[in-house]
Amino acid sequence: QQQVKQSPQSLIVQKGGIPIINCAYENTAFDYFPWYQQFPGKGPALLIAIRPDVSEKKEGRFTISFNKSAKQFSLHIMDSQPGDSATYFCAASPLWTADKLIFGTGTRLQVFP
Amino acid sequence: EADIYQTPRYLVIGTGKKITLECSQTMGHDKMYWYQQDPGMELHLIHYSYGVNSTEKGDLSSESTVSRIRTEHFPLTLESARPSHTSQYLCASSSDRYHYGYTFGSGTRLTVV
């Protein structure tokens, strides 16, 4: 049973575009939602994370939007660059138990010059 | 600079051989994880540990085994490698008390011929 559903599977944008990756979850006990970025040949690296007490979090060109009632969250990349080309994973877990993360299936993003 | 180290980075080995993939972290994290990553990107949890002498099987059935004799060390062993074991193996760790997310190693790309 997929507890975190991620879409789209792949995404192609031009430089400067704003790719959006969406995730939906089912378990209402989840209250920690990180995003990971993975470049070829590397392990995933934590990009940005949000808790449900805020609806939006920005770090540089990366923004997470969170909709608690819809149980959805999304990653926006402003002014995307070719260097942003990577695979992005959303994830979720309960915060205080520090329990194991449930990952989405990943989105392969390509940003063309 | 990565605080979690996996060796080897690449391994090509014949069918039937015994192999051990090494994972070490210097952050003092109690929790460690092994993921298998398909070419199709998905991350499948195969083993995890919440501390010394504690190991559990993950969501994806695996013929591999793990051990946790020291906090910093979480090796994965395949007693008899098969071509179906060909994959990327990622090790990760996380803090026990508060969820700061996972730190991943760079992975071991295993090919069984």
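Quick note: structure is the one above.
Residues numbered from 1 in each chain as written. Chains lettered and ligands numbered in written order. Predicted model: local features only at pLDDT ≥ 70, side-chain atom pairs only at ≥ 80, totals over all residues. Heavy atoms only, no water.

**Q** Any chance you could explain the overall build of chain A here in plain terms?
**A** Helix and strand content of chain A: zero helices and 11 strands. In sequence order, chain A lays out its α and β elements as β-β-β-β-β-β-β-β-β-β-β. Taken over C-alpha atoms, the radius of gyration comes to 13 Å for chain A, in line with the 13 Å a tight globule of 113 residues would show. Principal-axis analysis of the C-alpha atoms places the extent of chain A at approximately 40 × 30 × 20 Å. When the 113 residues of chain A are sorted by exposure, 47% land in the buried category. Carbon together with sulfur atoms contributes 51% to the accessible area of chain A, which is approximately 5,400 Å² in total. Positive and negative charge centroids in chain A, built from 11 and 8 side chains respectively, lie 4 Å apart. (Helix = DSSP H or I, 4+ residues; strand = E, 2+ residues; numbered from the N terminus. Rg over C-alpha atoms; globule rule 2.2 N^0.38 Å. Buried < 20%, exposed > 50% of the residue type's maximum accessible area, 1.4 Å probe, protein only. Areas by Shrake-Rupley, 256 points an atom, 1.4 Å probe, with all protein chains shown as cover. Lys, Arg positive; Asp, Glu negative; His and termini not counted. Charge placed at Lys NZ, Arg CZ, Asp CG, Glu CD.)

**Q** Would you explain the side chain of B:R68 in this entry?
**A** Residues and elements named next belong to chain B. Relative to the helices and strands, R68 is located in the loop between β7 (65-66) and β8 (76-78). It is D30 that comes nearest to the buried, bridge-free R68 among opposite-charge side chains, at 5.5 Å. Only 2.8 Å separates the side chain of R68 from the backbone oxygen of D30, close enough to count as a polar contact. (Salt bridge = Lys/Arg side-chain N within 4 Å of Asp/Glu carboxyl O. Polar contact = N/O pair within 3.5 Å; in protein donor to acceptor, adjacent residues only side chain to side chain.)

**Q** Before we go on, may I ask you to explain the state of the cysteines in this structure?
**A** Among covalent bonds in proteins, the disulfide is the one between the sulfur atoms of two cysteines. Within the structure shown, the criterion is met by two disulfides over all chains. Disulfide pairing places A:C23 opposite A:C90 at an S-S distance of 1.9 Å. Since a negative S-S torsion denotes a left-handed disulfide, the A:C23-A:C90 link at about -95° is left-handed. Within this pair, whereas A:C23 is found in strand β3 (residues 20-25), its partner A:C90 is found in strand β9 (residues 86-92), the two being separated by 67 residues in sequence. According to the relative accessible area criterion, A:C23 is buried, its value standing at 2%. According to the relative accessible area criterion, A:C90 is buried, its value standing at 0%. Between the sulfur of B:C23 and that of B:C91 lies a disulfide, 1.9 Å long from S to S. For the disulfide bridge between B:C23 and B:C91, the dihedral angle about the S-S bond is near -75°, and by the sign convention the bridge is left-handed. Taken together, the residues span a long stretch of sequence, with B:C23 in strand β3 (residues 19-25) and B:C91 in strand β9 (residues 87-94) at a distance of 68 residues. The two residues B:C23 and B:C91 agree in class, both being buried. (Disulfide = S-S within 2.5 Å.)

**Q** What is the right way to look at the sheet that holds strand β7 (residues 62-67) of chain A in this model?
**A** All names here are of chain A. Spatially, five strands are ordered β1-β3-β8-β7-β6 in an open sheet, and the strand pairing comes out antiparallel. In the strand order of this sheet, the two ends are held by β1 (4-7) and β6 (56-59), each with one partner. Averaged over all pairs of adjacent strands, the angle between their axes in this sheet comes to 15°, without regard to strand direction. Direction of pairing for β1 relative to β3: antiparallel, over a ladder of four bridges. (Pairing = 2+ DSSP bridges. Axes fitted to C-alpha atoms, helices over the stretch in contact; angles between N-to-C directions.)

**Q** Looking at this model, I keep getting lost on the packing of aromatic side chains. Mind explaining?
**A** The description of an aromatic ring pair uses the distance of the two centres, along with the angle that the planes make with each other. In this structure the tally under the stated criterion is 19 aromatic pairs over all chains. Judged by centre distance (6.2 Å) and plane angle (15°), the ring pair of A:Y25 and A:F66 falls under stacked. Placement of the pair is A:Y25 in strand β3 and A:F66 in strand β7, with a sequence separation of 41 residues. For A:F66, a relative accessible area of 8% corresponds to the buried category. Where A:F33 meets A:F73, the ring centres are 4.9 Å apart and the plane angle is 50°; that geometry is what we call tilted. Pair noted here: A:F33 is in strand β4 (residues 33-38) and A:F73 is in strand β8 (residues 72-77), with a separation of 40 residues, a long-range link. Judged by relative accessible area, A:F33 falls into the buried class, the value being 0%. Aromatic ring contacts, followed pair by pair, group A:Y36, A:F89, A:F103, B:Y33, B:Y35, B:Y102 and B:F104 into a single cluster. For the cation-ring pair, B:K31 lies above B:Y50, with the distance from its terminal atom to the ring centre recorded as 4.2 Å. (Phe/Tyr/Trp six-rings, centres within 6.5 Å; stacked < 30°, edge-to-face > 60°. Lys NZ or Arg CZ within 6 Å of the ring centre and 35° of its normal.)

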